[in-house]
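# Coordinate analysis (summary)
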Amino acid sequence: MAVNKILIVEDDPVQQQRLREILVSTGAEIIVGANGQQGINLAEQEKPDLIFMDIVMPEVDGFSACRQITSGAETKGIPVVIVSSKHEDADRVWAQLQGASAIVAKPYTDQEILDQVKAFS
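Residues numbered from 1 in each chain as written. Predicted model: local features only at pLDDT ≥ 70, side-chain atom pairs only at ≥ 80, totals over all residues. Heavy atoms only, no water.

The name given to the protein in an unreviewed UniProt entry is Twitching motility two-component system response regulator PilH, with the source organism recorded as Marinobacterium sediminicola.

Below is the structure:
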């Protein structure tokens, strides 16, 4: 499966831009949501091939959005990669329990992000 459309769910504009700059090199279409609720809505509307999700966001946090996306009838097949500064063992376990496919720690390298795209291609 090719990754043709990637959704970034991140409330920090600097982090949004950084992820976008890294991911644009993949040739995929990049969509951005600024909070968990937008992430859920965009996942349902756009059916991306891969989602990069922050955890700490206003309104609906990344764990909650991840759970809703990975349990939703139309979105449950979409892999969600959690990108967060919260990456203790407990956070990794919790991310997996919410349906996350992988977790990338902030600060991350370009290669760590691109490796995730490769892993789900």
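## Looking at the packing of helix H2 (residues 36-46) against helix H3 (residues 62-71)
Close contact between H2 and H3 brings their axes to 8 Å; oriented N to C, the two are set at 15°. Relative to H3, H2 is oriented roughly parallel. Crossing geometry of H2 relative to H3 is assigned as right-handed. Contact residues: Gly36, Gly39, Ile40 and Ala43 in H2; Ala65, Gln68 and Ile69 in H3. Considering only residue class, the contact of H2 with H3 consists of four nonpolar, three polar and no charged. (Axes fitted to C-alpha atoms, helices over the stretch in contact; angles between N-to-C directions. Helix = DSSP H or I, 4+ residues; strand = E, 2+ residues; numbered from the N terminus. Parallel < 35°, antiparallel > 145°, perpendicular 65-115°, else oblique. Left-handed = near helix turned anticlockwise from the far one by under 90°. Contact = heavy atoms within 4.5 Å. Nonpolar A, V, L, I, M, F, W, Y, C, P; charged D, E, K, R; others polar.)

## So, the sheet that holds strand E2 (residues 29-33)
Here five strands make up an open sheet; going across it, the order is E2-E1-E3-E4-E5 and the pairing parallel. Two strands lie at the open edges of the sheet, namely E2 and strand E5 (102-105), each paired on one side alone. Across the sheet, the mean angle separating the axes of adjacent strands is 20° when strand polarity is ignored. The pairing of strand E3 (residues 50-53) with strand E4 (residues 80-84) spans three bridges and is classified as parallel. Bridging across to E4, Ile51 finds its partner in Val80. Strand contacts of helix H5 (residues 110-119): strand E1 (5-9), E3, E4 and E5, with the helix running at about 150° to E3, the strand carrying the most contacts. (Pairing = 2+ DSSP bridges.)

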